Amino acid sequence: MMDAKHATLVHWFRKGLRVHDNPALSQIFATANVAPEKFHVRPIFILDPGILDWIQVGANRWRFLQQTLDDLDQQLRQLHSRLFVVRGQPVDVFPRIFKSWRVELLTFETDIEPYALKRDAAVQKLAKDAGIKVDTHCSHTIYNPELVIAKNMGKAPITYQKFLSVVEQLKTPKVLELPEKLSKKALPPKDEVEQHDEAAYDCPTLQQLVKRPEDLGPNKFPGGETEGLRRMKESLRDELWVARFEKPNTAPNSLEPSTTVLSPYLKFGCLSARLFHQQLKEILKRQPKHSQPPVSLIGQIMWREFYYTVAAAEPNFDRMVGNVYCLQIPWQEQADHLEAWTHGRTGYPFIDAIMRQLRQEGWIHHLARHAVACFLTRGDLWISWEEGQRVFEQLLLDQDWALNAGNWMWLSASAFFHQYFRVYSPVAFGKKTDPQGHYIRKYVPELAKYPNGCIYEPWKATLADQRAYGCVLGVDYPHRIVKHELVHKENIKRMSAAYKVNREVRTGKAEDSPEADRSVAGKRKVAKSTGNAAKRKR
DNA sequence: AGTATGTTGCATGT
DNA sequence: ACATGCAACATACT
């Protein structure tokens, strides 16, 4: 039976899968170490086995999580604790453990995603009903989105520069050291843990999480805090590279990543954004000649902060309809084109190479994301950014609700970015940094024998040449599904028309068209200012 | 009302 | 490596 004189302190891991710079975890450890004879400590992660069947997570992402949990357990064991993986749904799990563990304090890191807010509110209520104290800490981002919004007079700043000017007025939080090792008395006794069901709290295995092992690609970016910290150190070793970093000058199609690939670690919180930011600041102090946001490395972290802030203010951030930021654009469904894009069969080698790298490895360069996102939406296929978002959500190791939706809106010129007449060429863009097409040859190997002159445009090869290169279009590799030079011009016109409609709705010109008003407005100003909308303009 | 600005376009020049 | 025209957007600020 449970030792009657012990209460339990619980830290709930969700994101923030690390022991360094983790205020909510540190609070538990510090509280226990003050009175170790009184408290047992249980850091938990809740895994709902039912989630495997419906959530949009591909095999590579499950592997990343599984490796991350394993590593987290190891890190906790070095601090004389361990990870308790509890199976079930939070609303079922907590009432159970509150009682059986005699929980006195629960801590966790705050999140902004709508489903997380709902979940956390439910757990907060359960804790309150059970008389259990809950403490939360904001440590997934450098700045608390709520504070940024408050500082900007209750509204999220919708331009990057404005965002920067707001956060410059805020303090950057202190980065925490590792928590002190847990007093051995504070670890629940082994027999008590095992009595429940031996191995019931163990980390999930790869076999348990990955339903389709055939989808696993090469493990180029293993999950975990240890690997995240190692990767950060490696990225920061060359201080001149750090100081001179300018994102637009990095190649989207190098065979080895031209950027840090810290995004998956930041997404799961294996690496603290606050620590990375602090380390960059220190390097830049020693390197007075350095690049600036938005293109610098600190600028990249600030994009993450920016998207978290705007997303925190809009529950419909991942949808077009009812989204305060998002222009309403009449995208069209076209299942065969979406399918071709999704699986790298558009007939544009650069686009297909990127989509295949994404599927195999779970990470593609940011500019590669631009190229394929523009292609799917306003550039070529005229398919909704929400479709692309879904595919990225499944495949990207760094998939993050706020960043994924924000970037899709950006690229589709639906929000934050509006120069829709700047269209990426699926042929020209990649040539700049890889004129020989090494990247295409790797990820679209059927084209490997094509000469440099037509590796980006295989349709320019004659049938005889196609045979000679061992890859006939329409047989071994698809014909291109659209002619970019034609459709991109038509699509610019469609964008122009869509912008015009949105403008009219915004300024009240289309008040006699109630359907348009409803669909476009959502929460836009026009919805509540119908009275003076007419006199505001014209 | 007018102007400056905006993470990373392309094609065609020098 | 940098300059220009292309057609032309929203936002912030004056």
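Residues numbered from 1 in each chain as written. Chains lettered and ligands numbered in written order. Predicted model: local features only at pLDDT ≥ 70, side-chain atom pairs only at ≥ 80, totals over all residues. Heavy atoms only, no water.

Chain A is annotated in an unreviewed UniProt entry as Blast:Cryptochrome-2 of Drosophila guanche. You can read under Sequence similarities (unreviewed entry) in the UniProt record for chain A the words "Belongs to the DNA photolyase class-1 family." (UniProt positions renumbered as here; feature names shortened; annotations may be inferred.)

Draft legend 1. Quick peek at the overall build of chain A. Counting its secondary structure elements, chain A contains 25 helices and five strands. Scaling as 2.2 N^0.38, a compact globule of 538 residues should have a C-alpha radius of gyration of about 24 Å, and chain A matches this with 25 Å. Once the C-alpha set of chain A is aligned to its principal axes, its extents read approximately 80 × 65 × 50 Å. Buried residues in chain A amount to 57% of all 538 residues. By sequence separation, contacts in chain A at least 24 residues apart represent 78% of the contacts at least 6 residues apart. Element-wise, carbon and sulfur atoms account for 53% of the exposed surface of chain A, whose accessible area totals about 24500 Å². Charge-centre separation for chain A: the mean point of 77 positive side chains lies 6 Å from the mean point of 62 negative side chains. (Helix = DSSP H or I, 4+ residues; strand = E, 2+ residues; numbered from the N terminus. Rg over C-alpha atoms; globule rule 2.2 N^0.38 Å. Buried < 20%, exposed > 50% of the residue type's maximum accessible area, 1.4 Å probe, protein only. Contact = heavy atoms within 4.5 Å. Areas by Shrake-Rupley, 256 points an atom, 1.4 Å probe, with all protein chains shown as cover. Lys, Arg positive; Asp, Glu negative; His and termini not counted. Charge placed at Lys NZ, Arg CZ, Asp CG, Glu CD.)

Draft legend 2. Here's a closer look at empty space enclosed by the protein. For the structure on display, the rule yields three cavities of 30 Å³ or more. Lining the largest cavity are 14 residues, and of these Ser254, Glu256, Pro257, Gln357 and Trp363 sit closest to its centre. Among the residues forming the lining of the largest cavity, the class breakdown is seven nonpolar, four polar and three charged. For the lining of the largest cavity, the two domains that each supply at least three residues are domain 2 (141-173 + 225-313) and domain 3 (335-469). In this structure, the second largest cavity encloses a volume near 50 Å³. (1 Å grid on protein atoms, 1.4 Å probe; cavity = no way out; pocket = protein on both sides within 12 Å on 5 of 7 lines; lining within 4 Å. Points joined across faces, edges and corners; volume = space filled by probe spheres on them. Nonpolar A, V, L, I, M, F, W, Y, C, P; charged D, E, K, R; others polar. Domains from an automatic or database assignment.)

Draft legend 3. Region of the structure containing the pairing of strand β5 (residues 133-137). Bridge analysis of strand β4 (residues 103-109) against β5 gives five bridges, and the strand direction is parallel. Residue pairing for β5: Phe108 is matched across the bridge by Thr136. As for the winding sense of the linkage, the β-α-β connection from β4 through helix α4 (residues 114-129) to β5 is right-handed. (Pairing = 2+ DSSP bridges. Right-handed = clockwise from strand over helix to strand, strands pointing away.)

Draft legend 4. How the structure looks around the nonpolar core. If you look at the biggest cluster of nonpolar residues, it comprises 142 residues, and the most contacted ones within it are Leu83, Leu271, Phe317, Trp341 and Tyr450. Broken down by element, this core gets its largest block of residues, 11 residues, from helix α13 (residues 297-312). Residues in contact with Trp341, not counting those within four places in the same chain, are Thr346, Ile351, Met355, Val372, Phe375, Leu376, Leu381, Gly388, Val391, Phe392 and Trp408. With 19 residues, the next largest nonpolar core counts Val10, Trp12, Val103 and Leu106 among its residues. (Core = buried A, V, L, I, M, F, W, Y, C linked by side-chain atoms within 4.5 Å.)

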